[in-house]
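Residues per chain, in single letters:
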Amino acid sequence: MSEQLQTTPSQTVGPFFSFGLVWPDGPFVVPEGTPGAFRIGGTVYDGAGVPVPDAVVETWQADPDGRFDHPDDPRGAVRWKDFRGFGRSATDPEGRYSLLTVKPGPLPVAGGAVEDSREAPHLNVSVFCRGMLVRLVTRIYFPDEEANAEDPVLTSIDPARRRTLIAEGEPPGYRFDIHLQGEHETVFFEL
Amino acid sequence: MPTYQPHTYRPDTPSHPPAAFPEYRSNVLRAPHRPFELLPQRLGEITGPLLGEGRVGPHDNDLTLGHDGEPQGQRIIVAGRVLDGDGRPVAGTLLEVWQANAAGRYRHDADRHPAPLDPNFTGVGRVITDAEGRYSFTTVQPGAYPWRNHDNAWRPAHIHFSLFGTAFTQRLITQMYFPGDPLFAQDPIFNSVRDPKAREAMVARFDLDTTVPEWALGYRWDIVLRGKNPTPLEEEDDDE
Ligand SMILES: [Fe+2]
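Residues numbered from 1 in each chain as written. Chains lettered and ligands numbered in written order. Predicted model: local features only at pLDDT ≥ 70, side-chain atom pairs only at ≥ 80, totals over all residues. Heavy atoms only, no water.

Asks: Explain the interface of chain A and chain B to me, and be specific about the residues and the numbers.
Replies: Each partner contributes to the interface: chain A provides 76 residues, whereas chain B provides 85 residues. Between chain A and chain B lies a buried interface of about 7,000 Å² when both sides are counted; carbon and sulfur atoms form 59% of it. Across the contact surface, chain A and chain B share 8 salt bridges. The closest approach of N and O atoms between B:Lys228 and A:Asp72, which form a salt bridge, is 4.0 Å. Linking chain A with chain B are 41 residue pairs in polar contact (both at pLDDT 80 or more), by the criterion used here. (Contact = heavy atoms within 4.5 Å. Buried area = accessible area lost by both parts, 1.4 Å probe. Salt bridge = Lys/Arg side-chain N within 4 Å of Asp/Glu carboxyl O. Polar contact = N/O pair within 3.5 Å; in protein donor to acceptor, adjacent residues only side chain to side chain.)

Asks: Kindly report on the coordination of the iron ion, identifying the contributing residues and their values.
Replies: All names here are of chain B. Surrounding the iron ion are the protein donor atoms Tyr106 (OH), Tyr145 (OH), His158 (NE2) and His160 (NE2), which sit 2.0 to 2.2 Å from the metal. Around the iron ion sit 4 donor atoms; with metal-centred angles ranging over 91 to 159 degrees, the donor geometry is irregular. Along the chain, the residues donating to the iron ion are arranged with the sequence spacing Y-x38-Y-x12-H-x1-H. Taken together, the residues span a long stretch of sequence, with Tyr106 in the loop between strand E3 (94-99) and strand E4 (124-128) and Tyr145 in strand E6 (residues 145-147) at a distance of 39 residues. Of the two residues examined, Tyr106 and Tyr145, each falls in the buried class. (Donors = N, O, S within 2.8 Å, 3.2 Å for Na, K, Ca; no water. Tetrahedral: all angles 85-135°; square planar, octahedral: opposite > 155°, others 65-115°. Helix = DSSP H or I, 4+ residues; strand = E, 2+ residues; numbered from the N terminus. Buried < 20%, exposed > 50% of the residue type's maximum accessible area, 1.4 Å probe, protein only.)

Asks: Lay out the packing of aromatic side chains with the relevant residues and their values.
Replies: Inspection of the entire model under this criterion finds 21 aromatic pairs over all chains. Ring geometry for A:Phe86 and B:Phe164: centres 5.2 Å apart, planes at 90 degrees, overall edge-to-face. Linking A:Phe86 in strand E3 (residues 86-90) with B:Phe164 in the loop between strand E8 (158-163) and strand E9 (172-177), this pair reaches from one chain into another. By relative accessible area, which is 3% here, B:Phe164 ends up buried. Through a chain of ring-to-ring contacts, three or more aromatic side chains come together here, namely A:Phe16, A:Phe19, B:Tyr106 and B:Tyr145. Above the ring of A:Trp23, the side-chain terminus of A:Arg88 is found at 4.4 Å from the ring centroid. (Phe/Tyr/Trp six-rings, centres within 6.5 Å; stacked < 30°, edge-to-face > 60°. Lys NZ or Arg CZ within 6 Å of the ring centre and 35° of its normal.)

Asks: Give me the lowdown on the pattern of salt bridges, citing residues and values where you can.
Replies: In the structure shown here, the tally under the stated rule is 29 salt bridges over all chains. Residues A:Glu145 and A:Lys103 are paired through a salt bridge, measuring 2.7 Å at the closest nitrogen-oxygen approach. In this pair, A:Glu145 sits in the loop between strand E8 (136-141) and helix H2 (159-162) while A:Lys103 sits in the loop between strand E4 (96-101) and strand E5 (107-108), placing the two residues 42 residues apart along the sequence. By relative accessible area, which is 27% here, A:Lys103 ends up partly exposed. Shared partners join several salt bridges into a network, and the residues in it are A:Glu58, A:Arg88, B:Glu96 and B:Arg171.

Asks: Which residues make up the sheet that holds E9(B), and what values do they have?
Replies: All names here are of chain B. Strands sit in the order E4-E3-E8-E9 across an open sheet of 4 strands; the sheet is antiparallel. At either margin of the open sheet sits one strand with a lone partner, and together these are E4 and E9. The average angle at which neighbouring strand axes cross in this sheet is 25 degrees, direction not considered. For E3 and E4, the ladder comprises 5 bridges, and the chain directions are antiparallel. Note that in E4 the partner of Leu94 across the bridge is Ile128. (Pairing = 2+ DSSP bridges. Axes fitted to C-alpha atoms, helices over the stretch in contact; angles between N-to-C directions.)

Asks: Break down the layout of surface pockets for me, with residues and values.
Replies: Taken as a whole, the largest pocket holds about 830 Å³ of empty space. Around the largest pocket, the lining is made up of 31 residues, and of these A:Pro15, A:Phe16, A:Arg130, B:Ala110 and B:Trp147 lie nearest the centre. With 3 residues, the top contributor of residues to the lining of the largest pocket is E6(B). Taken together, the residues of the lining of the largest pocket break down into 13 nonpolar, 10 polar and 8 charged. Taken as a whole, the second largest pocket holds about 500 Å³ of empty space. Lining the second largest pocket are 27 residues, with A:Arg135, B:Asp12, B:Thr13, B:His16 and B:Arg226 positioned closest to its centre. Listing elements by their share of the lining of the second largest pocket, those giving two or more residues are strand E12 (189-190) of chain A together with E9 of chain B. When grouped by side-chain class, the residues that make up the lining of the second largest pocket number 15 nonpolar, 7 polar and 5 charged. (1 Å grid on protein atoms, 1.4 Å probe; cavity = no way out; pocket = protein on both sides within 12 Å on 5 of 7 lines; lining within 4 Å. Points joined across faces, edges and corners; volume = space filled by probe spheres on them. Nonpolar A, V, L, I, M, F, W, Y, C, P; charged D, E, K, R; others polar.)

Asks: Residue-level account of the environment of A:Phe86, with values.
Replies: You can call A:Phe86 buried: its relative accessible area is 2%. Filtering out sequence-adjacent residues up to four positions away, A:Phe86 remains in contact with A:Trp23, A:Gly26, A:Phe28, A:Val29, A:Glu58, A:Thr59, A:Trp60, B:Pro49, B:Leu51 and B:Phe164.

Asks: Kindly report on unusual backbone geometry, identifying the contributing residues and their values.
Replies: All names here are of chain A. Pro171 connects to Pro172 through a cis peptide bond whose omega is 5 degrees. By the secondary structure assignment, Pro172 is in the loop between strand E9 (168-170) and strand E10 (173-175). Positive phi, normally seen in glycine, also occurs at Asp144, with a value near 60 degrees. Structurally, Asp144 is set in the loop between E8 and H2. According to the relative accessible area criterion, Asp144 is exposed, its value standing at 81%.

Laid out in structure tokens, this is it:
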């Protein structure tokens, strides 16, 4: 067994990241025109309810079959080879971010003895901003998903706060606001 | 049928700053108040975007190129390796870097520091690690810059780094500092890392072997991403 090394510490993304981290195709998890694609986005708020204009929101998700084109998904991808699965959107001066994506499929639960145990469709989310020294991790679930009722992560959260993890339908897409702090504080996770 | 057994990643919270660190003033209204909930590491956590060559242009590893002339300042080379917590190289992973120019000014509309912009310097680079996890880029030494956190506050010179590794768990945004900076003691961002050894790991070292004669000073900085837990499956393999 080799020596274990300490992770390099996280530091703030700072106020001036946009010229380094903004990609023209960042918000496009899938290209425009992809069948079933929709916009999902919202506003990032601080503890005083003020929009955060210097945050960057990143998402990571399975393809619509619930698979990842990645060596650590033993099943791999079948229909969605080269699906990027990743989105990145810096917030605008009004604190808004927006991504174009498709709905992921449900995921098998690791080590699952129970065949019908699944994580409901969701996006993993990282939030970085000036003022935060570490990444904040949250999840976006979808409204009107029956699988939400059985999702092992959602059901582990206090029911009063669970709704902070569920997007609102805003046809033709979804809205997911992120409250860093305060009365409506979003549920954040440690991994 | 084999049970699906993921490679989970070891906890690394003690290396990182706390979520709440009020000495960094803009943290006060942005740090969550409620404790974090535990997110089990399943497929979506142990996988992550594998962003490769398509994201890097021909001059992206040399921040002194791409303009009409050469930027002002001390030319430097920053090189090192990206490793996981077991010392294994992280190959083919994207690094994104951004920084202030030699005068301590960012090419960003919100930067009001009255120091000159340099028409020959933007301050953005991208590189992909090779099979041994090595990266290298050329730039100029960034200047320190003032900010309004406290009276006479100055950020030590630094380069911002963003890395993906191979899993959502390994995502890291950090800053690299330069050795012996007299501004460390008063910087709450640097000192938000409470473990002295972890703090020291953010400081590059000057390296004569990386230094190119009559051209550029060399700095070495290795970056460590989260390491994996051993899996029961791996232990079985070892027995064979
Ligand atoms: Fe900075």
